[in-house]
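# Chains, contacts and geometry: an overview
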Amino acid sequence: MQYNFNEIEAKWQKYWAENQTFRAENNSDKKKFYVLDMFPYPSGAGLHVGHPLGYIASDIYARYKRHQGFNVLHPQGYDSFGLPAEQYAIQTGQHPAITTAANIKTYRRQLDQLGFSFDWSREVRTSSPEYYKWTQWIFIQIFNSWYNKDTDKAEDIDTLIAIFEAEGNANVNAVCDDDITVFSAEDWTAFSEVEKQEILLKYRLTYLADTEVNWCPALGTVLANDEIVNGVSERGGHPVVRKKMTQWSMRISAYAQRLLDGLDTIDWPQPLKDSQTNWIGRSEGASAIFNVNGHDETIEVFTTRPDTIFGVSFMTLAPEHELVGKITTAEYKDEVEAYIEATAKRSERDRMADVKTISGAFTGAYAEHPFTKEPIPIWIGDYVLAGYGTGAVMSVPCGDQRDYDFAKHFNLPIPNIFEGIDISEEAFADKDKTIIANSDFLNGLPYKKAVKRAIFELEKLGQGKGKVNYRLRDAVFSRQRYWGEPFPVYYVDGMPQMIAKEHLPIELPEVEKYLPTETGEPPLGNAEVWAWDTVANRVVANSKIDHTTVFPLELNTMPGWAGSSQYFNRYMDPNNNDEIFSKKTIGYWEDVDLYIGGSEHATGHLLYSRFWQKFMFDKGLVPKDEFAKKLINQGMITGTSAFVYRAENGKTMISKGLIADKNVVPIHADVSLVNASDELDIDGFKKWREEYADAEFITEDDGTFKVGREVEKMSKSKFNVVNPDAICEEYGADSLRLYEMFLGPLEQSKPWNTAGITGTHGFLKKLWKLYAPFIDGSQDNGQEESSKEALKTLHKTIKKVQEDIENFSFNTSVSTFMIAVNELSAQKCANKEVLEALIILVSPYAPHIAEELWSKLGHTESIATAPFPKFEEKYLKESSKEYPISFNGKMKFTMELSLDLSKDEIEAAVMANEKTQQQLQGREPKKVIVVPGKIVNIVG
Ligand code: ANZ
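Throughout, residues of each chain are indexed from 1 in the direction in which the sequence is written. At least 70 in pLDDT is required for a residue's local features to be given in this predicted model, at least 80 for side-chain atom pairs to be given and counted, and no such filter applies to totals for whole chains, interfaces and linings, which use all residues. Heavy atoms from the whole structure form the basis of all side-chain values; hydrogens and water molecules are not counted.

Moving on: the overall build of the chain. Assigned secondary structure in the chain consists of 30 helices and 35 strands. For the C-alpha atoms alone, the extent of the chain along its principal axes is close to 120 × 75 × 75 Å. Residue contacts are counted whenever heavy atoms from the two residues lie within 4.5 Å of one another. The long-range share in the chain, meaning contacts at least 24 apart out of those at least 6 apart in sequence, stands at 71%. Areas reported here follow the Shrake-Rupley algorithm with a probe of radius 1.4 Å; residue values treat only the protein chains shown as occluding. Carbon and sulfur atoms make up 48% of the accessible area of the chain, which amounts to about 42800 Å² in all. Within this scheme the basic residues Lys and Arg register as positive and the acidic residues Asp and Glu register as negative, but His and the chain ends are omitted. For this purpose, a charge sits on NZ of Lys, CZ of Arg, CG of Asp or CD of Glu. Within the chain, one finds 102 positive and 137 negative side-chain charges whose respective centroids are separated by 6 Å. Where helices and strands are cited, they refer to DSSP runs of H or I of at least four residues and of E of at least two residues respectively, numbered from the N terminus.

Set out below in structure tokens:
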């Protein structure tokens, strides 16, 4: 019987689905193991062979753990809110829910065809109301919390209100807005309801604030930093301005230190930890307060180098700093305003990246040096970022490169406070070399001591203190989009109110158009039924808004990361309609044991999820404050893109061999139009895109047209994707799974080459053949006894494969299987026990063929939970030894003897051998030296 993989794979996929083979039980006596994949965004293009790489690896591990007796949770779902479906809706009017459902269908078919052991009974979709009900619920929990620095955790907002009622806010140690004013208990009681809510908003873990955003009027939306290129929108090239908008923010900054500390407790890749560490950006230093001359104002700066305070020769404020308007003198007003306007066009990212352009303006105002009392000119400059530290710096041209460049550019004094260092040459801020001068209390101190002393002196003056600063900003949580979670929020007197849990979910309303409204409101502004009736407790028509019982609902939606910040927990109890998950269930599953996904999520999803988890931990909702013990970033699969070279005239395409000195532009050609010799199918290319229909082609002498090839990320936009469907059809999913693993170490990036799959496919055919006696029924009991070699091959394989899986070294397992099958085939092994054990080893990698052969070996149940074979050292040990037998040190012949023999027995056996007698020719040996396991030497 042939290895008919298409039939076998379809058969077992059906069996698994019908028997719910991979269903994980929430009530189990078994130990749990939770293997998680980053769930996909179901795009219209479907999966390419790069996508399943991580899924195959995690599936192998999940299957291995089932063989080891664990109750394995291995769920899958869809991150199904997002921009592409919305953009498609804008273009075509098609509701994003419809596109999303269609794309999910394709994804599901493609995932099923690869034989993953997902527990589909737990599927979640972030865009389904049953799911986002709980995203909304978490938002409400966060809103109803504040961060108490004394207990170092999130607490219920009621505990804060109780403090306000009892003693006001003077002693509250919270992470909160900067502009808090002190009030007493009496003040609090006297405040109006709206005033109280305004104050509480400054403490809540999610709050409304005027946030600077990149606003693109033409697109009617806020853009992320990376959606802006050279000051204009990446899409469409429209102007972008910075604008203040009232938006929801998440107070993730409250967790900065815990997010850093937590990294030490989890087994995540070091580069990923490093990027989170940098993103959080802890710096230790001091805040120093400078009085502004002639004003009742102070400027607070954050500095990592308070020891350099005697080198301050000017101060620089971010152009957005709130004091700029107040302190700028009439004389400099025009210049300052012109500068502010010019700089508003530059994104923060541009400002950070650009170290060459020096620009700024003098305000005309002066500050007073805390120690020398000298006047210090106050400038503004956009190298100072509004959102970092206090948005103001004390400028030390001899210690900081940017300050130095600024001083040089504007001809400001550059005092040198470092002894013996020529600051125009010396590397800046070379901390260890610093020698302090010009100050009584700092002179001669080494850098670290000087920092401490400067802080001490500032504190004594009441003009500063030690401070730890984090680069991590609070996360803006509002999006001006349609296809996202609606907020469970309505507004009374402009103050946000939460809708009670029992009325959730608040479902997305229908809209006519998915674009922002003409007045610049987000797309939900187009909805006609989008108001909250506080009596009927339901969403009603906007026309009913009376601001007494019916109020407007929030028009923004939540960002992409909302739904993905809790899905790993929701999988534990996804069909629970009363709670996000039951205590008992989360008590059992606890956390993710293994998480596999891409490294591009380092400072997005993986940081936000850790933040939400810590919040949930503080609230006693989850038992662990890190959600994933171990994480692996799978490497990227790269594709070999094909390039056609277009001559400058735009019409002529030149074959690769002829472009040498010509001016050409490489353009992507779809890889399906190129054969294995890099020759282009010219007709196909012309038909592929209308714009190339009348292109002309300059070919090589032999009439072929050659393309250039380059390895790039596999991506639809680079036309180098390989679709797994065709491969499954031609070679089967098991071949594809093995091949993806065989390509190389999981974490490395590696190029795809479809031709190589014949290797793993050939292996599976050989494997199939090894089981032929069982497949055709000629052998059903196996050999009476397994041969020593077969057992040795088997146990060697068990050892290696187990080590490999545990080290996530899946590529080396595949070659181990190949060796094992070669050896067993050569041995003509038909022993049932050996072949049973072997197929269990193979099953995590190539599960369909494993199930089929398992059944051919006479089993009626799935192989999925068959115990993983136990490695036994004894089978690797040699039981006998080929002894070299020497006479007076010269080896004459060898003898195979059992290793169990004693010295005397060995000697007796050697002496009894007739070859020995031949050598001795009747002589009595003087001595027989026996080293068991090594040699025998006969002297005499
Ligand atoms: C005086 C000084 C002297 C500084 C010196 C450095 C060297 P990190 O490590 O990134 O925290 N700074 C503070 N706030 C800033 C802002 N909003 N935009 C741009 N720069 C800002 O760096 C902190 C240092 O960066 C601070 O210490 C400040 O310059 C500057 F020899 O103060 B320093």
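Next, the rest of the story.
What follows deals with the site of the ligand. Nearness is judged by heavy atoms alone; a residue qualifies as near a molecule or strand once a single heavy atom is within 4 Å of it. Contacts to the ligand come from 18 residues, most closely from Ser283, Thr303, Leu385, Tyr388 and Arg471. Within the side chain of serine 283, a nitrogen or oxygen atom sits 2.4 Å from an oxygen atom of the ligand. Any N or O atom pair separated by 3.5 Å or less is treated as a polar contact, with the protein-specific requirement of one donor-capable and one acceptor-capable atom, and with residues adjacent in sequence counted only for side-chain atom pairs. Contact distances for the ligand include 2.4 Å between an oxygen atom and a side-chain N or O atom of tyrosine 388. Contact with the protein chains covers 87% of the free accessible surface of the ligand, which is 650 Å². Secondary-structure elements contributing two or more residues to the shell around the ligand are strand 12 (298-303) and strand 16 (392-395). Lys, Arg, Asp and Glu make up the charged group, whereas Ala, Val, Leu, Ile, Met, Phe, Trp, Tyr, Cys and Pro make up the nonpolar group; the residues left over, Gly among them, are polar. Of the residues contributing to the shell around the ligand, the split by class is eight nonpolar, six polar and four charged.

To get an axis, a line is fitted to the C-alpha atoms, and for a helix only the part in contact is used. The angle between two axes follows their N-to-C directions and goes from 0 to 180 degrees. Close contact between helix 10 (residues 270-280) and helix 19 (residues 605-618) brings their axes to 11 Å; oriented N to C, the two are set at 75°. Regarding the angle of helix 10 to helix 19, the classification is roughly perpendicular. Between helix 10, through Leu272, Gln276, Trp279 and Ile280, and helix 19, the contact on the second element is made entirely by Leu606, Leu607 and Arg610. For the contact of helix 10 with helix 19, the per-class residue count stands at five nonpolar, one polar and one charged. With respect to orientation, any angle under 35 degrees is reported as roughly parallel, any angle over 145 as roughly antiparallel, any angle of 65 to 115 as roughly perpendicular, and every other angle as oblique.

As a further point, take the sheet that holds strand 34 (residues 927-931). Here four strands make up an open sheet; going across it, the order is 33-32-35-34 and the pairing mixed. The open sheet has two free edges, formed respectively by strand 33 (890-898) and strand 34, since each of these has just one partner strand. With strand direction ignored, the average angle separating the axes of adjacent strands in the sheet is 20°. Here, strands pair whenever DSSP counts at least two bridges between them. Here strand 32 (residues 880-887) runs beside strand 35 (residues 935-939); their pairing, made up of three bridges, is parallel. When the sheet's bridge partners are listed, serine 886 is paired in strand 35 with asparagine 937.

Ring pairs shown here join Phe, Tyr and Trp side chains whose ring centres sit within 6.5 Å, with only the six-membered ring taken for Trp; geometry is labelled stacked below 30 degrees between planes, edge-to-face above 60, and tilted in between. Considering all chains together, one arrives at 68 aromatic pairs under this definition. Taking 3.7 Å as the distance between ring centres and 10° as the angle between the ring planes, the aromatic pair formed by phenylalanine 39 and tyrosine 567 counts as stacked. In this pair, phenylalanine 39 sits in the loop between strand 1 (32-37) and helix 2 (52-67) while tyrosine 567 sits in helix 17 (residues 567-570), placing the two residues 528 residues apart along the sequence. Buried means the residue's accessible area, taken with a 1.4 Å probe over protein chains only, is under 20% of the maximum for its type, while exposed means over 50%, and partly exposed covers the values in between. On the basis of relative accessibility, which here comes to 8%, the residue phenylalanine 39 falls in the buried class. Overall, tyrosine 567 belongs to the buried group, its relative accessible area being 0%. Between the aromatic rings of phenylalanine 310 and phenylalanine 441, the centroid separation amounts to 5.6 Å while the plane-to-plane angle is 65°, which identifies the pairing as edge-to-face. Remark: phenylalanine 441 occurs in the loop between helix 14 (401-409) and helix 15 (447-461) and phenylalanine 310 occurs in the loop between strand 12 and strand 13 (314-317); sequence separation between them is 131 residues. Relative accessible area serves as the criterion here: at 16%, phenylalanine 310 is assigned to the buried category. Of note, lysine 65 hangs over the ring of phenylalanine 33, and the distance from its end group to the ring centre comes to 4.7 Å. Put simply, a charge is over a ring when the Lys NZ or the Arg CZ is close to the ring centre, within 6 Å, and near the line of the ring normal, within 35 degrees.

Domain extents, as shown, originate in an automatic or database domain assignment. Examined at the domain level, the chain breaks down into domain 1 (31-138 + 560-633), domain 2 (282-470), domain 3 (492-502 + 534-555), domain 4 (638-713), domain 5 (727-743 + 754-874) and domain 6 (878-939). Computed from C-alpha coordinates alone, the two centres of domain 2 and domain 4 are separated by 56 Å.

Another aspect to go through is helix 10. Taken residue by residue, helix 10 has Leu272, Lys273, Gln276 and Ile280 as its buried positions. In a view along the axis of helix 10, the buried residues occupy a sector of 100°, so they form one face of it. Turned more than 90 degrees from where helix 10 packs its buried face, Pro271 and Asn278 sit exposed. Tucked inside the fold, the buried residues of helix 10 contact helix 9 (256-262), strand 11 (282-292), strand 17 (464-470), helix 19 and strand 25 (631-633). As used here, the arc is the angular range of directions from the helix axis to the C-beta atoms.

Position of serine 565 among the secondary structure elements: in the loop between helix 16 (560-564) and helix 17. From its side chain, serine 565 meets the backbone oxygen of tryptophan 561 in a polar contact 2.6 Å long. Excluding residues within four positions of it along the chain, serine 565 makes contact with Tyr608, Ser609 and Trp612.

This part covers the sheet that holds strand 18 (residues 475-476). The strand order across the open sheet formed by four strands is 7-6-10-18, and the pairing between neighbours is antiparallel. Only two strands of the sheet have a single partner each, and these edge strands are strand 7 (221-223) and strand 18. Pairing of strand 6 (residues 206-216) with strand 7 involves three bridges; the strand directions are antiparallel. Looking at strand 7, one finds that tryptophan 215 is bridged to valine 222.

This part covers helix 19. One fewer than the residue count of a helix, multiplied by 1.5 Å, yields its expected span. The terminal C-alpha atoms of helix 19 lie 20 Å apart, and with 14 residues this matches the ideal 20 Å at 1.5 Å per residue to within 8%. The element helix 19 is largely enclosed, with a buried count of 13 among its 14 residues. Looking one or two residues beyond helix 19, the residue adopting positive phi is glycine 620, at roughly 70°.

Turning our attention to a nonpolar patch on the surface. A cluster of nonpolar residues, Ile929, Val931 and Ile935, forms a patch on the protein surface that exposes about 190 Å² of accessible area. For isoleucine 929, the location among the structural elements is in strand 34. For isoleucine 929, a relative accessible area of 32% gives the class partly exposed. Two distance rules govern patches: like charges are joined within 9 Å, and nonpolar side chains (Val, Leu, Ile, Met, Phe, Trp, Tyr) within 5 Å, applied only to residues with over 30% relative accessible area and no salt bridge. In what follows, salt bridge is the name for a side-chain nitrogen of Lys or Arg lying within 4 Å of a carboxyl oxygen of Asp or Glu.

With respect to the helices and strands, leucine 205 occurs in the loop between helix 8 (193-201) and strand 6. When the C-alpha atoms of leucine 205 and phenylalanine 139 are compared, they prove to be 9.5 Å apart, with 66 residues separating the residues in sequence. In this structure leucine 205 touches Ile142, Ser145, Trp146, Tyr147, Ala154, Ser249, Met250, Arg251, Ala254, Tyr255 and Phe615, once residues within four positions along its chain are discounted.

The next point concerns the nonpolar core. Each nonpolar core is a collection of buried residues, namely Ala, Val, Leu, Ile, Met, Phe, Trp, Tyr and Cys, held together in the definition by side-chain atoms within 4.5 Å. Counting residues in each nonpolar core, the largest one holds 90 residues, and the members touching the most others are Trp248, Phe477, Tyr567 and Tyr595. Here the element with the most residues in this core is helix 5 (residues 129-143); it accounts for nine residues. Here this core gathers at least three residues from each of two domains, domain 1 (31-138 + 560-633) and domain 3 (492-502 + 534-555). If near-sequence neighbours (up to four positions away) are discounted, phenylalanine 477 is found in contact with Phe139, Trp248, Ser249, Met250, Phe487, Thr557, Met558, Pro559, Trp561, Ala562 and Trp612. Core analysis: the next-biggest nonpolar cluster, separate from the first, contains 87 residues, Ile56, Leu736, Val834 and Val842 among them.

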